Amino acid sequence: MENGGSRQATMAELQEVQITEEKPLLPGQTPEVAKTHSVETPYGSVTFTVYGTPKAKRPAILTYHDVGLNCKSCFQPLFQFGDMQEIIQNFVRVHVDAPGMEEGAPVFPLGYQYPSLDQLADMIPCILQYLNFSTIIGVGVGAGAYVLSRYALNHPDTVEGLVLINIDPNAKGWMDWAAHKLTGLTSSIPEMILGHLFSQEELSGNSELIQKYRNIITHAPNLDNIELYWNSYNNRRDLNFGRGGDITLKCPVMLVVGDHAPHEDAVVECNSKLDPTQTSFLKMADSGGQPQLTQPGKLTEAFKYFLQGMGYMASSCMTRLSRSRTASLTSAASIDGNRSRSRTLSQSSESGTLPSGPPGHTMEVSC
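In this text, all values refer to a predicted model and were calculated from it rather than measured experimentally.

(A) Local environment of the overall build of the protein chain. The helix and strand inventory of the protein chain stands at 14 helices and 12 strands. Looking at the 367 residues of the protein chain, the share that counts as buried comes to 52%. Counting contacts in the protein chain only where the partners sit at least 6 residues apart, residues at least 24 apart contribute 73% of the total. Only carbon and sulfur atoms are counted for the fraction: they give 50% of the accessible area of the protein chain, which is about 16,600 Å².

(B) Structural view of the side chain of Thr158. Of note, Thr158 is situated in the loop between helix 5 (143–154) and strand 7 (159–165). At 2.7 Å, the side chain of Thr158 forms a polar contact with the side chain of Tyr151. With residues up to four places along the chain from it excluded, the contact list for Thr158 reads Ser134, Thr135, Ile136 and Tyr151.

(C) Structural view of the environment of Gly140. Here Gly140 shows up in strand 6 (residues 136–141). Of the residues examined, Gly140 reaches a relative accessible area of 0% and is grouped as buried. In this structure the C-alpha to C-alpha distance between Gly140 and Asn166, which are 26 residues apart in sequence, comes to 8.6 Å. Setting aside chain neighbours within four positions, we find Gly140 in contact with Tyr64, Phe75, Ala145, Leu148, Val163, Leu164 and Ile165.

(D) Main features of the packing of aromatic side chains. In total, this model carries seven aromatic pairs according to the counting rule given. Joined through ring pairs, the aromatic side chains of Phe108, Tyr112, Tyr114 and Tyr229 make up one cluster. Sitting over the face of the ring of Tyr51, Arg93 holds its NZ or CZ atom 4.3 Å from the ring centroid. In this structure, Arg236 is placed above the aromatic ring of Tyr233, and the distance from its NZ or CZ to the ring centre is 4.2 Å.

(E) Layout of the pairing of strand 5 (residues 93–97). In terms of residue burial, strand 5 counts as a mostly covered element, since five of its five residues are buried. In strand 5, alternate side chains face the same way, and those of Arg93, His95 and Asp97 on one face and Val94 and Val96 on the other are all buried. One ladder, built from five bridges, connects strand 3 (residues 44–51) with strand 5; its direction is antiparallel. Bridged to Tyr51 within strand 5 is Arg93. Taken together, the four bridges between strand 4 (residues 60–64) and strand 5 define a ladder with parallel strand orientation. Each bridged residue has a counterpart across the sheet, and for Thr63 the counterpart in strand 5 is His95.

(F) Local environment of the packing of helix 4 (residues 117–131) against helix 5. Their axes nearest at 8 Å, the elements helix 4 and helix 5 cross at an angle of 65°. One finds that helix 4 runs roughly perpendicular with respect to helix 5. Considering only the axes of helix 4 and helix 5, their crossing is right-handed. Residues Leu117, Asp118, Leu120, Ala121, Asp122, Ile124, Pro125 and Leu128 of helix 4 form the contact with helix 5, whose participating residues are Ala143, Tyr146, Val147, Leu148, Arg150, Tyr151 and Asn154. A per-class count over the contact of helix 4 with helix 5 returns 11 nonpolar, one polar and three charged.

(G) How the structure looks around helix 10 (residues 223–234). Here helix 10 contains 12 residues, and its C-alpha end-to-end distance of 16 Å stays within 8% of the 16 Å for a straight helix at 1.5 Å per residue. For helix 10, every residue scored as buried is listed here: Asn225, Ile226, Tyr229, Trp230, Ser232, Tyr233 and Asn234.

(H) Local environment of empty space enclosed by the protein. Going through the model one piece at a time under the given rule, you end up with two cavities of 30 Å³ or more. Every residue along the wall of the second largest cavity is listed here: Leu78, Met84, Val139, Val163, Ile165, Met254, Leu299, Thr300 and Phe303. Listed by contribution, the elements that provide at least two residues to the lining of the second largest cavity are strand 7 and helix 13 (296–309). Ranked by residue count, the leading element in the lining of the second largest cavity is helix 13, at three residues. Its residues assigned to classes, the lining of the second largest cavity shows eight nonpolar, one polar and no charged.

Definitions and limits used
- Residues numbered from 1 in each chain as written.
- Predicted model: local features only at pLDDT ≥ 70, side-chain atom pairs only at ≥ 80, totals over all residues.
- Heavy atoms only, no water.
- Helix = DSSP H or I, 4+ residues; strand = E, 2+ residues; numbered from the N terminus.
- Buried < 20%, exposed > 50% of the residue type's maximum accessible area, 1.4 Å probe, protein only.
- Contact = heavy atoms within 4.5 Å.
- Areas by Shrake-Rupley, 256 points an atom, 1.4 Å probe, with all protein chains shown as cover.
- Polar contact = N/O pair within 3.5 Å; in protein donor to acceptor, adjacent residues only side chain to side chain.
- Phe/Tyr/Trp six-rings, centres within 6.5 Å; stacked < 30°, edge-to-face > 60°.
- Lys NZ or Arg CZ within 6 Å of the ring centre and 35° of its normal.
- Pairing = 2+ DSSP bridges.
- Axes fitted to C-alpha atoms, helices over the stretch in contact; angles between N-to-C directions.
- Parallel < 35°, antiparallel > 145°, perpendicular 65-115°, else oblique.
- Left-handed = near helix turned anticlockwise from the far one by under 90°.
- Nonpolar A, V, L, I, M, F, W, Y, C, P; charged D, E, K, R; others polar.
- Expected span 1.5 Å × (residues − 1).
- 1 Å grid on protein atoms, 1.4 Å probe; cavity = no way out; pocket = protein on both sides within 12 Å on 5 of 7 lines; lining within 4 Å.
- Points joined across faces, edges and corners; volume = space filled by probe spheres on them.

Written as structure tokens, this is what we have:
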């Protein structure tokens, strides 16, 4: 790794590759051109792919993936979903690959010091500075959700909103460490990462999706790099969120987790610590550990609703959410529940849009 003045010299050096995304096109749709960049930062090189062109007075959508995945394997099903096109045509988006996770990444040399999650967050300003983007809406999963949260704490004026899937804001306690070490004695790195990504029920069911991602992770040519990212995630610091305290996310936040997902309890706890007037909590039924892979339609609808609340999307028909058998909206309560109030809204297939309004509610969706 370079240091000092050489780091500064290489900040301006950028490798750029232009590719055309291969995916089925909708009627009248033209191929989407993507530009992949690699830029040096104080903590090493980071690769990111830019889709679209900047829109006046609109933030960029910036994504950050989880351990064991890269920007494509984590987000492609979501951003290629048909209804998502209404969103992405209105925003430029930046898909960040954690160092060493991009396709074709060389394996880091033995003894390489992989960045901490805090340092990964500190790479984001270098990306935005190069692209000359001033604000973002972040979409992160797992470790990526933590990275974007840390960035938002450090640079609140540059983050207009966050969609955090499967976030665990807490550092591992000693009991977690003991369990992790014991699991490591009997399980391989790919098995532990799969257990982080998916529920035990999903892994036991061994669906086509599980087989696909088990194969991706088990046979990844950069598995040594993935293990380094995994270790950084397990060594994360506590974000120290506290409702009413100084350490909190200042922007609108949508927390997302699947029902019975591995991180359900952590996301519920995170919801209890954030500002209820700024936070929406979406628990998705029948979505497993990775809602963006298993339920891209429902997540797209929720994302549209979130953006509409921020004033960026015109009122649009939330067809899948309105068809859900239940949409329970519950005001975010304090952790002891003393001031909790709730209201339930049942919608039939004939109903129109979900009610617009400020964040600060729990939305449980089952279909």
